[in-house]
Amino acid sequence: MLASAGPAGAEPKAAREAFVTNQTGDSLSIVDLAAGKAAAEIAIGGKPAGVAMAPDGRFAYLTSPDSKELVVVDAAKRTIASRFKVGEGPLGVAAHPASGVVYVADWYEHRLFAVDPAAGKVTGSVEVGRSPSGVAVTADGARILTADRDSNEVSLIDAVTLTRTAAVTVGERPFGVTVDAESRRAYTANVGSDDVSVIDLAAGKVVGTVKVGRRPYAVALAGGRGFVSDQYAATVTVFDLETLAVVKTIGVGEYPEGIEADPSGSAVYVACWEANTLERIDTATLEVTARIPVGDGPRAFGLFLRTSE
């Protein structure tokens, strides 16, 4: 995942919609964030988990691990545009900010696939660590990162040559990975060690660790702070990005998973698996200000907020 940022000097737009993958319900909920309610639910199949948005907001890309597919959803029409096989266990997914190439992490083949979504085919792949889960692309489009859960590593991949240039050892069982808007640091949620590893990308090493709640899933960045979804604790841990000190622990619905910051910086949204909700956290007050019902078993693993077409 990548922390959102608008063009230099431009005021970032607030997200209009959230595209929430419901794994148990085999569906996608499209949430109208201004209205605070789900506007549509689309049957997907294959137990959808991962999600990414096209750079222009026209399409949502979903991974369906059980059917071994990437599903392309037309965001405006709210219909499935195409679906095709990718690997043996597609999970994490991310879109390149310029080219629109989609990257899919394969849990079973231990590879990252590059996909042309318009052509509906895989165009390349690279071997990474074992059981890659989360995927992120730096804002400059130069690097791709995978969180390799069973290797306790993050792979750094050259986006031009699609080669693995380095592996950084992090905490135990890294799952979600998020890169800041400056392409300076990356953050992994380590489900096995209940902490977040902070990676200096230029140095290629871990420069800090933050102890968080039980079974952290993913990290969002907003207003100089990190927001971590703690699955087993039913909390979001908030920490300062400079000091790495924990600022607050916020109670949310049961089993929080996917989490993303609104590009405007005003809110963070978290999908809660057992509660079947998408919850809004106000970044100024650090309080939950909305709980929006969605489908059954929401994961929203990736970047699921849509700002424009």
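Further up the page is the structure itself.
Rules used in this analysis
- Residues numbered from 1 in each chain as written.
- Predicted model: local features only at pLDDT ≥ 70, side-chain atom pairs only at ≥ 80, totals over all residues.
- Heavy atoms only, no water.
- Helix = DSSP H or I, 4+ residues; strand = E, 2+ residues; numbered from the N terminus.
- Contact = heavy atoms within 4.5 Å.
- Areas by Shrake-Rupley, 256 points an atom, 1.4 Å probe, with all protein chains shown as cover.
- Lys, Arg positive; Asp, Glu negative; His and termini not counted.
- Charge placed at Lys NZ, Arg CZ, Asp CG, Glu CD.
- Phe/Tyr/Trp six-rings, centres within 6.5 Å; stacked < 30°, edge-to-face > 60°.
- Buried < 20%, exposed > 50% of the residue type's maximum accessible area, 1.4 Å probe, protein only.
- Salt bridge = Lys/Arg side-chain N within 4 Å of Asp/Glu carboxyl O.
- Polar contact = N/O pair within 3.5 Å; in protein donor to acceptor, adjacent residues only side chain to side chain.
- Pairing = 2+ DSSP bridges.
- Axes fitted to C-alpha atoms, helices over the stretch in contact; angles between N-to-C directions.

Explain the overall build of the chain here, please?
Scanning the chain for helices and strands turns up zero helices and 29 strands. In terms of its C-alpha atoms, the chain occupies a principal-axis envelope of roughly 45 × 45 × 40 Å. Once local pairs closer than 6 in sequence are excluded, the contacts in the chain between residues at least 24 apart make up 42%. Just so you have it, the chain exposes about 11,400 Å², and 46% of that area is on carbon and sulfur atoms. In the chain, 29 positive and 38 negative side-chain charges are present, and the distance between their average locations comes to 1 Å.

Before we go on, may I ask you to explain the packing of aromatic side chains in this structure?
Each aromatic ring pair is specified by the distance between its two centres and by the angle formed by the two planes. Within this structure, the stated rule accounts for six aromatic pairs. Seen in terms of ring centroids, Phe 175 and Phe 301 are 4.8 Å apart; in terms of plane orientation they differ by 25 degrees. Their pairing is stacked. Remark: Phe 301 occurs in strand E28 (residues 301-302) and Phe 175 occurs in strand E16 (residues 174-179); sequence separation between them is 126 residues. Accessibility expressed as a relative area gives 8% for Phe 175, which makes it buried. Looking at Phe 301, the relative accessible area reads 3%, which means it is buried. Among the aromatic side chains, those forming a connected cluster through ring pairs are Trp 107, Phe 175, Tyr 217 and Phe 301.

Looking at this structure, I do not really get unusual backbone geometry. What am I missing?
Note on backbone geometry: most residues besides glycine have negative phi, and most peptide bonds are trans. Despite not being glycine, Arg 173 has its phi angle at roughly 60 degrees, a positive value. Structurally, Arg 173 is set in the loop between strand E15 (163-169) and E16. Of note in this structure, Ala 300 is not a glycine but carries a positive phi near 50 degrees. Structurally, Ala 300 can be placed in the loop between strand E27 (287-293) and E28.

What is the right way to look at the side chain of Glu 260 in this model?
Here Glu 260 shows up in strand E24 (residues 256-261). Despite its burial, Glu 260 pairs with no opposite charge; the closest candidate is Arg 306, at 12 Å N-O. Within polar-contact distance, the side chain of Glu 260 engages the backbone nitrogen of Phe 304 at 2.6 Å. Within the structure, the side chain of Glu 260 is placed 3.0 Å from the backbone nitrogen of Leu 305, a separation counted as a polar contact.

Explain the pattern of salt bridges here, please?
A side chain with one charge may pair with a side chain of the opposite charge, provided their charged atoms come close. This model, assessed by the stated rule, comprises 15 salt bridges. Put simply, Arg 164 and Glu 153 hold a salt bridge, and the shortest N to O gap is 3.1 Å. Taken together, the positions of Arg 164 in strand E15 and Glu 153 in strand E14 (residues 153-158) put the pair 11 residues apart, joining distant regions of the chain. Using a relative accessible area of 21% as the deciding quantity, one classes Glu 153 as partly exposed.

How do you make sense of the pairing of strand E21 (residues 225-230) when you look at a structure like this?
On a regular strand, each side chain points to the face opposite its neighbour's, so the side chains alternate between the two faces of the sheet. Of all six residues in E21, five are buried, a share of seventy percent or more. Pairing analysis gives five bridges linking strand E20 (residues 216-222) to E21, with the strands arranged antiparallel. Looking at E21, one finds that Pro 216 is bridged to Asp 230. As consecutive antiparallel partners, E20 and E21 are separated by two residues, and within that stretch Gly 223 has a phi angle of approximately 60 degrees, a positive value.

Please explain the sheet that holds strand E17 (residues 185-190) as it appears in this structure.
What holds strands together in a sheet is hydrogen bonding between their backbones, with the strands either parallel or antiparallel. If you trace the four strands from one edge of the open sheet to the other, you get E16-E17-E18-E19, paired in antiparallel fashion. The open sheet terminates on both sides in strands that have one partner only, identified here as E16 and strand E19 (205-211). Ignoring strand direction, the axes of neighbouring strands in this sheet form an average angle of 25 degrees. In this sheet, E19 lies alongside strand E18 (residues 195-200) in antiparallel orientation, the contact comprising six bridges. The partner of Val 198 across the bridge, within E19, is Gly 208.

Could you clarify how one ought to interpret the pairing of strand E12 (residues 132-137) in this entry?
Here E12 lies mainly inside the structure; six of its six residues are buried. Summarising the sheet, E12 and strand E13 (residues 143-148) pair through four bridges and their orientation is antiparallel. Opposite Ala 136, over in E13, you have Leu 145 as the bridge partner. Between E12 and E13, which follow one another and run antiparallel, lie five residues, and Gly 141 among them has a positive phi close to 75 degrees.

I tried to follow the sheet that holds strand E3 (residues 37-43) on my own but got confused; where do I start?
Here we have four strands laid out as an open sheet, ordered E3-E2-E1-E29, and antiparallel in their pairing. The sheet is open, and its two borders are formed by E3 and strand E29 (305-306), each paired with just one other strand. For strand E2 (residues 27-32) and E3, the ladder comprises six bridges, and the chain directions are antiparallel. The residue of E3 that forms the bridge with Val 31 is Ala 38.

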